[in-house]
Amino acid sequence: MSTNTPVNPNKALWEKGDFTRIANTMRESGEALVGALGITSGLQVLDLGCGDGTTAVPEAQLGADVLGVDIAANLVAAGKARAESLGLANLRFQEGDASDLNELDDDSFDLVVSIFGAMFAPKPFDVAKEVVRVTRPGGRIVMGNWIPNDPTLVAQILRISAAYSPPPPERFVSPMTWGVEQTVVERFAAAGIPAEQVSFERDTYTFISPDTPSELLADFRSYYGPTMNAYAAAAADGREGDLHGELEQLFNEQNTAPGGTGTSIPATFLRVTVAA
Ligand SMILES: C[S@@+](CC[C@H](N)C(=O)[O-])C[C@H]1O[C@@H](n2cnc3c(N)ncnc32)[C@H](O)[C@@H]1O
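The sections below set out a description of the structure shown in this document. What you are looking at is a predicted structure, and each value in this text was computed from that prediction instead of being measured.

**A short note on helix 7 (residues 153-163)**
Most of helix 7 sits out of view: 8 of its 11 residues are buried. Within the sequence span of helix 7, burial applies to Leu153, Val154, Ala155, Gln156, Ile157, Leu158, Ile160 and Ser161. Those residues of helix 7 hidden inside the fold are in contact with strand 5 (135-146), strand 6 (198-209), helix 9 (213-223), helix 10 (225-236), helix 11 (240-254) and strand 7 (263-275).

Okay, structure coming up:
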């Protein structure tokens, strides 16, 4: 067996930590979002960049036939374990890359959902082409994407982290560009979807935890790949304390839960709906 298999940095980033620790704080918003999608029994759903199934589980609980695809082997395993423990025979998980879904047939899903998932794949034009290809004509694509420069939690974590990290490689396309409406329209147009079939809404995800904001930040620091990398880069520059101070302030300022009752932090995202 070759020992020279090239590392896929996108896969390594998400396998580095344990996103389930963060996903545990996102279950309520995931369920609410899925509840508004009009899912009916037997609907064929692809949940792309599914993680451990925050949205895939409620989709299956509503009776859809769900395939969760994610690049991270550890999250696919976590999703399978959740489906099994919940007795959801209509929920399957497999590894895959949103920018190359070669293992999936054309026109095979009624609904493709990707909540903060496919936005993290490289080659965004390929992502748009692939999700359109696997969606049946008349079907729907729903994406949730963080918005660049938004004042709420996730955009700010990524903005602060970038200031402590080395510049990205040349030709790197920021995942946050999926939060820019005109850019999203261009990507789907290149995949054959006219602009009038793409619509946008601002929506909110709330991170809810019984822990304090500082304890939630500690989870991001230990388990959320992008934040782990930012801390490592800041440490290499002797600036870990500064990064930590900025993030502490951010998490505590954004918390809306009354003092001593845990954490509730709302974060704004762009909900994209595409009529295929
Ligand atoms: C922020 S998490 C969101 C997970 C899940 N959708 C949720 O709402 O909890 C981002 C997810 O996208 C996955 N991901 C990143 N790049 C991917 C790619 N190229 N193809 C498929 N999944 C990818 C990660 O492994 C991770 O599970």
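What follows continues from the structure just given.
**Here's the deal with the site of the ligand**
Among the 19 residues in the neighbourhood of the ligand, the closest are listed as Asn10, Gly49, Asp70, Ala98 and Ile115. In this structure, Thr54 approaches the ligand through a side-chain N or O atom, which is 3.5 Å from an oxygen atom. When isolated, the ligand has an accessible area of 590 Å², and the protein chains bury 99% of it. Split into classes, the residues belonging to the shell around the ligand amount to 11 nonpolar, 6 polar and 2 charged.

**Thoughts on the packing of aromatic side chains**
Enumeration according to the criterion identifies 14 aromatic pairs in this entry. Relative to Phe269, the ring of Phe116 lies with its centre 5.2 Å away and its plane at 85°, an arrangement referred to as edge-to-face. Within this pair, whereas Phe116 is found in the loop between strand 4 (109-115) and helix 6 (124-134), its partner Phe269 is found in strand 7, the two being separated by 153 residues in sequence. Relative accessible area serves as the criterion here: at 11%, Phe116 is assigned to the buried category. In this arrangement the basic side chain of Arg187 is found over the ring face of Trp178, its NZ or CZ atom lying 4.7 Å from the centre.

**Some remarks on the sheet that holds strand 6**
Working definition: the strands of a sheet are paired by backbone hydrogen bonds and lie parallel or antiparallel to each other. In spatial order, the strands read 3-2-1-4-5-7-6; together these 7 strands make up an open sheet with mixed pairing. Only two strands of the sheet have a single neighbouring strand rather than two, namely strand 3 (91-95) and strand 6. In this sheet, adjacent strand axes meet at a mean angle of 20° when their direction is disregarded. Here 12 bridges tie strand 6 to strand 7, and the two strands are oriented antiparallel to one another. When the sheet's bridge partners are listed, Asp203 is paired in strand 7 with Phe269. Across the sheet, helix 3 (residues 27-35) is in contact with strand 4, strand 6 and strand 7; its angle to strand 6 comes to roughly 150°. The strands that helix 8 (residues 181-190) touches are strand 5, strand 6 and strand 7; relative to strand 6, the one it contacts most, it runs at about 120°.

The rules we used
Residues numbered from 1 in each chain as written. Predicted model: local features only at pLDDT ≥ 70, side-chain atom pairs only at ≥ 80, totals over all residues. Heavy atoms only, no water. Buried < 20%, exposed > 50% of the residue type's maximum accessible area, 1.4 Å probe, protein only. Helix = DSSP H or I, 4+ residues; strand = E, 2+ residues; numbered from the N terminus. Contact = heavy atoms within 4.5 Å. Near = heavy atom within 4 Å. Polar contact = N/O pair within 3.5 Å; in protein donor to acceptor, adjacent residues only side chain to side chain. Areas by Shrake-Rupley, 256 points an atom, 1.4 Å probe, with all protein chains shown as cover. Nonpolar A, V, L, I, M, F, W, Y, C, P; charged D, E, K, R; others polar. Phe/Tyr/Trp six-rings, centres within 6.5 Å; stacked < 30°, edge-to-face > 60°. Lys NZ or Arg CZ within 6 Å of the ring centre and 35° of its normal. Pairing = 2+ DSSP bridges. Axes fitted to C-alpha atoms, helices over the stretch in contact; angles between N-to-C directions.

The values reported here are purely geometric and, on their own, carry no functional implication.
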